[in-house]
Amino acid sequence: MSTTASTAAEPAAGASDRAGASRRQGSFYRGDPGMWSWVLHRITGVLTFFFLFVHVLDTALVRVSPNTYDQVIETYKTPLVNLLEVGLVGAVLFHALNGLRVMLVDFWAKGPKYQKTMLWVIGVVWVVVMVPGAFFMLKRTVETLFGGA
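What you see is a predicted model, and the numbers here were worked out from it, not measured in a lab. (Residues numbered from 1 in each chain as written. Predicted model: local features only at pLDDT ≥ 70, side-chain atom pairs only at ≥ 80, totals over all residues. Heavy atoms only, no water.)

### Structural notes on the nonpolar core
In terms of nonpolar packing, the biggest core is built from 8 residues, these being Val 86, Leu 93, Phe 94, Leu 97, Leu 119, Ile 122, Met 130 and Ala 134. Listing elements by their share of this core, those giving two or more residues are α4 (79-107) and α5 (115-146). What Leu 93 contacts, discounting residues up to four positions off in sequence, is Trp 126, Val 129 and Met 130. (Core = buried A, V, L, I, M, F, W, Y, C linked by side-chain atoms within 4.5 Å. Buried < 20%, exposed > 50% of the residue type's maximum accessible area, 1.4 Å probe, protein only. Helix = DSSP H or I, 4+ residues; strand = E, 2+ residues; numbered from the N terminus. Contact = heavy atoms within 4.5 Å.)

### Quick word on the packing of aromatic side chains
Each aromatic ring pair is summarised here by two numbers: the centre-to-centre distance and the angle between the ring planes. With the rule as written, the count across this model stands at 3 aromatic pairs. With centroids separated by 5.7 Å and ring planes inclined at 20°, the aromatic side chains of Trp 108 and Tyr 114 adopt a geometry described as stacked. Assessed through its relative accessible area of 39%, Trp 108 is described here as partly exposed. For Tyr 114, a relative accessible area of 31% translates into the label partly exposed. Measuring from ring centre to ring centre gives 5.0 Å for Phe 135 and Phe 136, while their planes differ by 80°; the resulting arrangement is edge-to-face. The class of Phe 136 is exposed, set by a relative accessible area of 58%. (Phe/Tyr/Trp six-rings, centres within 6.5 Å; stacked < 30°, edge-to-face > 60°.)

### Quick word on the side chain of Asn 82
Summarising the element assignment, Asn 82 is placed in helix α4. Looking at Asn 82, its side chain comes within polar contact range of the main-chain oxygen of Met 137, at 3.2 Å. When neighbours within four sequence positions are excluded, Asn 82 is seen to be in contact with Met 137, Leu 138 and Thr 141. (Polar contact = N/O pair within 3.5 Å; in protein donor to acceptor, adjacent residues only side chain to side chain.)

### Focus: the UniProt feature "transmembrane region" (unreviewed entry) in the chain
If you check UniProt for "transmembrane region" (unreviewed entry), the listed places come out as residues 35-57, 78-97 and 117-138 in our numbering. Secondary structure across residues 78-97 comprises 95% helix and 0% strand; the distance between its end C-alpha atoms is 29 Å. Measuring from the first to the last C-alpha atom of residues 117-138 gives 31 Å, for a span that is 100% helix and 0% strand. (UniProt positions renumbered as here; feature names shortened; annotations may be inferred.)

In structure tokens form, the structure reads like this:
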């Protein structure tokens, strides 16, 4: 006895080949840049949330144990944490810029028409802000590791 309510008729040969190949190889969607901006928006949002969670916890240490708080703050001065800070700034900046783009797409009548253009604009703005930002954020770490001028 079948567990389905009904059976579908066989599709045309060409469509059947494509559908069968898709099922055999998986259905990983390789979409346009809009799909990737959606994925990055979710990832950067989650990363920002976890940063804020950790930040609240480490700030709460000052009330519990000021000495432990001082030790934690000292670990934040390491080169690894400096790299993580640059990543955090990049994530927050992308999330904010893409959030503005999403609001324009939702609330501006011409937003859907220009969504791909706006995505490329926020990409350019992100690079223009991140390159000098990363330079100045990493300058002290690079000088500490490799000797400064």
